[in-house]
Amino acid sequence: EGNDGDGPDAKAMHSSALAWGELLRYSWEWNGQNINIDDPHSRNGDCGAPGGFTAAPMLAVAAVAPVVAQNGRHYLRRIDKWLARTVNEATGNSPPNLWTMACHAVSLRDCFVSPDTTNAQNMTTSEILSTSSVPLLTARERWHLHALYQLLHNNHREAMGAYLRLLELYPGDLLGLSLAMDVAFTLGDARSALRAATNVSTYWSERDGGHLHLNPSHSGQILATALIAVGLASASSARASAAERLAESATTRDSQGAGGVAVWALSHCLGAEGRSSEMVSKLAGFDGTQIYESCGYLNFHNRMMGYGGIASLDQRRSGAGRAAMRLYDGAFSRVLEYSGNNIEGLERGGEDIVLLEKLVPRNIKRDAATAIGSVFSAWFGSGSKTKMEKSSRVESVGIKQRQLARRTVEDVLCWLPPSPLLLTHATALLFRLTLSDGIAPSDQRWSDLLAAWNVMLLTDTDEVKPTPDKRSVIDFMPLGLIASSILIDPSRLNLESHPAPLRNAMQGLNAMGKLMNLGHAYGTGNESRHSGEWRDVMRHLVNARESCQRWEMPTGMFSTTYAIPEHVPIEPMGWDMDTRQFLEYALFHAAMQVRDHESLCLARAICSEGTTLRPNCPEIWWRYATVLDMLGDEVAAENARSASVSLGSGEGASF
């Protein structure tokens, strides 16, 4: 029963579903059973009505805050739509609702205990507050609820400030540190991640007996060490070595409890130094995936496999494109396929039809035994084969009807639709694959990804009041805006409301997507168009990368006039390794399409920066050699090519 054949591939999603489903049940028992979901006074879309009584608000924070921190409120409502169709096999109670329990938890943020409870019913709210002196919740709990309130309104920047304030006051709050890292990654704000990590690092180091680890370690302390490593790894390559030591220490001491977060930190440490071979081993090899596969974090397995695919392309070994394509299909294409968010799935009715049949794999061992038996039956024959097939066909219809009638919370959480964060990582890997000639721009995967982004942006948001500025559903995620703009017209993404560097990145990548005709989204594409169009792409991307501090010469290198750059505050768009996949590689590709002296000099500067910061990456040295050849520096080009080969470029079997 269920999708048992998907058992091995669904292991990571199943782990997440089990952990999250149990937490949701407890949180709903405490926070939701006494709330009338259909009552508008107890389910207010602004999350501000006192409504029903919530007994355990921190349970609601733990159950809801991580998913809304990473993917926003619209994805939260998308999950609620599926949870509403489940049944509780144990109690038969109403299914959990993430939005409802979160809103009622937030409503307790500013509640106070009235000293005179006998007259409380006859007093106004202002009178109660004026006579109250004791808050219902602790200051720590109120900061958590304040951050959750901001997250429910997609105000991630304000939530980041709340978590930083929380960690200043309570450096031992491990949940706050974890959520701060999630929000910082969503915002692409490496500086805030670094600040959160350094603000609490000494506190946790002292409780571990200092740098000598004199005290017995416990799981919370080790997880905090891994989270601190994430914060250090996010900022720059200068702190990568310190972050790597912390992450390796956490993995050694508690690989089951802190392995997932430690691998997240290691991915950025190794990526910052271009150590692609180690990244492939840690993120895509069998031994490496065992550390994080069952950590239970939402879409974590897919994200790490995406990083592994990028590292495989950085190795530039024989068959690297095929390896990266295999990782893409396993991590991302599979999600789009089972959820109905690809072209074929939309033709069948989309996720509303396709996801109804997805259940948690329950009989993996029985399937394995059946597979073994079928092998021996094929060898030696089986007289009862036809009879067994007939009986199975007769029972299949009745089994499917019973399955659909009792779909549980775990079934929903195991087979979730793609999130904005997952689609962002999918776009990054597919974009790199295309620029590396691993796939053609007309590949079906681009059409499927375009379909998934369109479904995401057209998500039904009933019961959520629209914002006055008509923000898109991913406005809180700069890297998501950059990724989606490759396929989606930026006008649909509220382009004018974003800072100038982000606008330039979105416009440049969108123009590049049109020129390459990715996903057949723009009619007939032609990369060999006039260099002026590619020059516009290059100008947008270089301004985004340099935060609009680049001086331009409007009429070429011999111009006597200069364009004054637009001075704007620098806004983070993503952590270094993530933005690099879009801006650096896209800018290099655009410069190589223009191919005049000025653009080749720009490409050489980009490659020089890469070889300095990530000297262990074979792919960077090979690109550097290509540019030097075009500039006529044959000796330096041969040296760069030799460096790439010495680091492993071109190794491996060729088929």
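Residues numbered from 1 in each chain as written. Predicted model: local features only at pLDDT ≥ 70, side-chain atom pairs only at ≥ 80, totals over all residues. Heavy atoms only, no water.

## Some remarks on the overall build of the chain
Secondary structure summary: the chain contains 29 helices and 2 strands in total. Expressed as a percentage of the 655 residues in the chain, the buried residues total 53%. In the chain, the share of contacts with a sequence separation of at least 24, taken over all contacts with a separation of at least 6, comes to 72%. Taken as a whole, the chain presents about 28,500 Å² of accessible surface, with 54% of it coming from carbon and sulfur. (Helix = DSSP H or I, 4+ residues; strand = E, 2+ residues; numbered from the N terminus. Buried < 20%, exposed > 50% of the residue type's maximum accessible area, 1.4 Å probe, protein only. Contact = heavy atoms within 4.5 Å. Areas by Shrake-Rupley, 256 points an atom, 1.4 Å probe, with all protein chains shown as cover.)

## Structural notes on the pattern of salt bridges
Within this structure, the stated rule accounts for 26 salt bridges. With a shortest N-O distance of 2.9 Å, R545 and E609 are connected by a salt bridge. Here E609 lies in helix α27 (residues 597–613) and R545 lies in helix α25 (residues 531–545), a separation of 64 residues in the sequence. Exposure remark for R545: the relative accessible area of 25% places this residue in the partly exposed category. Judged by relative accessible area, which is 34%, E609 ranks as partly exposed. Salt bridges sharing common partners tie together R78, K81, E351 and D352. (Salt bridge = Lys/Arg side-chain N within 4 Å of Asp/Glu carboxyl O.)

## A word on the confidence of the model for the chain
The predicted model of the chain averages 81 in pLDDT, with 75% of residues at 70 or higher. Segment residues 363–404 is flagged for pLDDT under 50; beyond a separation of four residues in sequence, or across chains, it makes 17 contacts in the model. Segment residues 460–468: pLDDT under 50, and 10 contacts once partners within four positions in sequence are set aside and those in other chains are kept. (pLDDT = per-residue confidence, 0-100.)

## A closer look at helix α3 (residues 98–106)
Burial of α3 is extensive: 9 of the 9 residues sit out of reach of the surface. Contacts from the buried residues of α3 go to α1 (11–31), α2 (57–83) and α5 (139–152). Of the residues flanking the start of α3, the one acting as N-cap is N97, its side-chain oxygen 3.2 Å from the backbone nitrogen of W99. (Polar contact = N/O pair within 3.5 Å; in protein donor to acceptor, adjacent residues only side chain to side chain.)

## Things to note about helix α15 (residues 320–339)
Over its 20 residues, α15 extends 28 Å from the first C-alpha to the last, a length consistent with the 28 Å expected when each residue adds 1.5 Å. Roughly 40 degrees is the biggest bend found in α15, and it falls at D329. When you tally the buried positions in α15, you get 14 out of 20 residues, the bulk of the element. (Expected span 1.5 Å × (residues − 1). Bend = angle between axes of the 7 residues up to and from the residue.)

## With respect to the environment of T138
Along the polypeptide, T138 turns up in the loop between β2 (134–135) and α5. Along the chain, T138 and R109 lie 29 residues apart, while their C-alpha atoms are 9.5 Å from each other.

## Some details on the environment of N199
Counting through the fold element by element, N199 comes out in helix α8 (residues 190–207). According to the relative accessible area criterion, N199 is partly exposed, its value standing at 35%. When the C-alpha atoms of N199 and E168 are compared, they prove to be 6.8 Å apart, with 31 residues separating the residues in sequence.

## Description of the packing of helix α21 (residues 420–435) against helix α26 (residues 576–594)
Running from N to C, α21 and α26 cross one another at 30 degrees; their axes reach a closest spacing of 10 Å. Classified by the interaxial angle, the pair formed by α21 and α26 is roughly parallel. You can see that α21 and α26 cross each other, and the crossing is left-handed. Taken together, the residues of α26 that come into contact with α21 (itself represented by T424, H425, T427, A428, F431, R432 and L435) are D578, Q581, F582, Y585, A586 and H589. (Axes fitted to C-alpha atoms, helices over the stretch in contact; angles between N-to-C directions. Parallel < 35°, antiparallel > 145°, perpendicular 65-115°, else oblique. Left-handed = near helix turned anticlockwise from the far one by under 90°.)

## A short note on the side chain of D411
Assignment of secondary structure puts D411 in helix α20 (residues 409–414). Within polar-contact distance, the side chain of D411 engages the backbone nitrogen of T408 at 2.8 Å.

## Examining the packing of aromatic side chains
What the rule picks out here adds up to 10 aromatic pairs. Aromatic side chains Y292 and F300 sit 6.0 Å apart centroid to centroid with 75 degrees between the ring planes, which places their arrangement in the edge-to-face category. Y292 gets classed as buried once you look at its relative accessible area, which sits at 0%. On the accessibility criterion, F300 (3% relative accessible area) is buried. Consider the rings of Y338 and W415, whose centres lie 4.9 Å apart with planes at 80 degrees: the pair is edge-to-face. Here W415 lies in the loop between α20 and α21 and Y338 lies in helix α15, a separation of 77 residues in the sequence. (Phe/Tyr/Trp six-rings, centres within 6.5 Å; stacked < 30°, edge-to-face > 60°.)

## Some thoughts on the environment of E357
For E357, the location among the structural elements is in the loop between α17 (351–354) and α18 (364–380). For E357, a relative accessible area of 38% translates into the label partly exposed.

## Observations concerning a nonpolar patch on the surface
Together, V113, V134 and L136 make up an exposed nonpolar region whose accessible area comes to about 230 Å². Within the secondary structure, L136 is located in the loop between β2 and α5. (Patch = residues over 30% accessible without salt bridge, like charges linked within 9 Å, V, L, I, M, F, W, Y side chains within 5 Å.)

## Some remarks on unusual backbone geometry
Positive phi, close to 55 degrees, is recorded for R316, a residue that is not glycine. Note that R316 resides in the loop between α14 (300–315) and α15. On the basis of relative accessibility, which here comes to 30%, the residue R316 falls in the partly exposed class.

## As for the nonpolar core
Ranked by size, the top nonpolar core spans 180 residues in total, and within it Y163, F431 and L449 carry the most contacts. Tallying contributions element by element places α2 first for this core, with 14 residues. Beyond its immediate sequence surroundings of up to four residues, F431 is in contact with W446, I486, L509, M512, L518, Q581, F582 and A586. (Core = buried A, V, L, I, M, F, W, Y, C linked by side-chain atoms within 4.5 Å.)

## Here we look at the packing of helix α24 (residues 500–516) against α25
Running from N to C, α24 and α25 cross one another at 150 degrees; their axes reach a closest spacing of 7 Å. Taken as axis vectors, α24 and α25 run roughly antiparallel relative to one another. Two packed elements cross with a definite hand, and for α24 against α25 that hand is left-handed. In contact with P501, N504, A505, Q507, G508, L509, A511, M512, L515 and M516 of α24, α25 contributes E533, W534, V537, H540, L541, N543 and A544. A breakdown of the residues in the contact of α24 with α25 according to their chemical character gives 11 nonpolar, 5 polar and 1 charged. (Nonpolar A, V, L, I, M, F, W, Y, C, P; charged D, E, K, R; others polar.)

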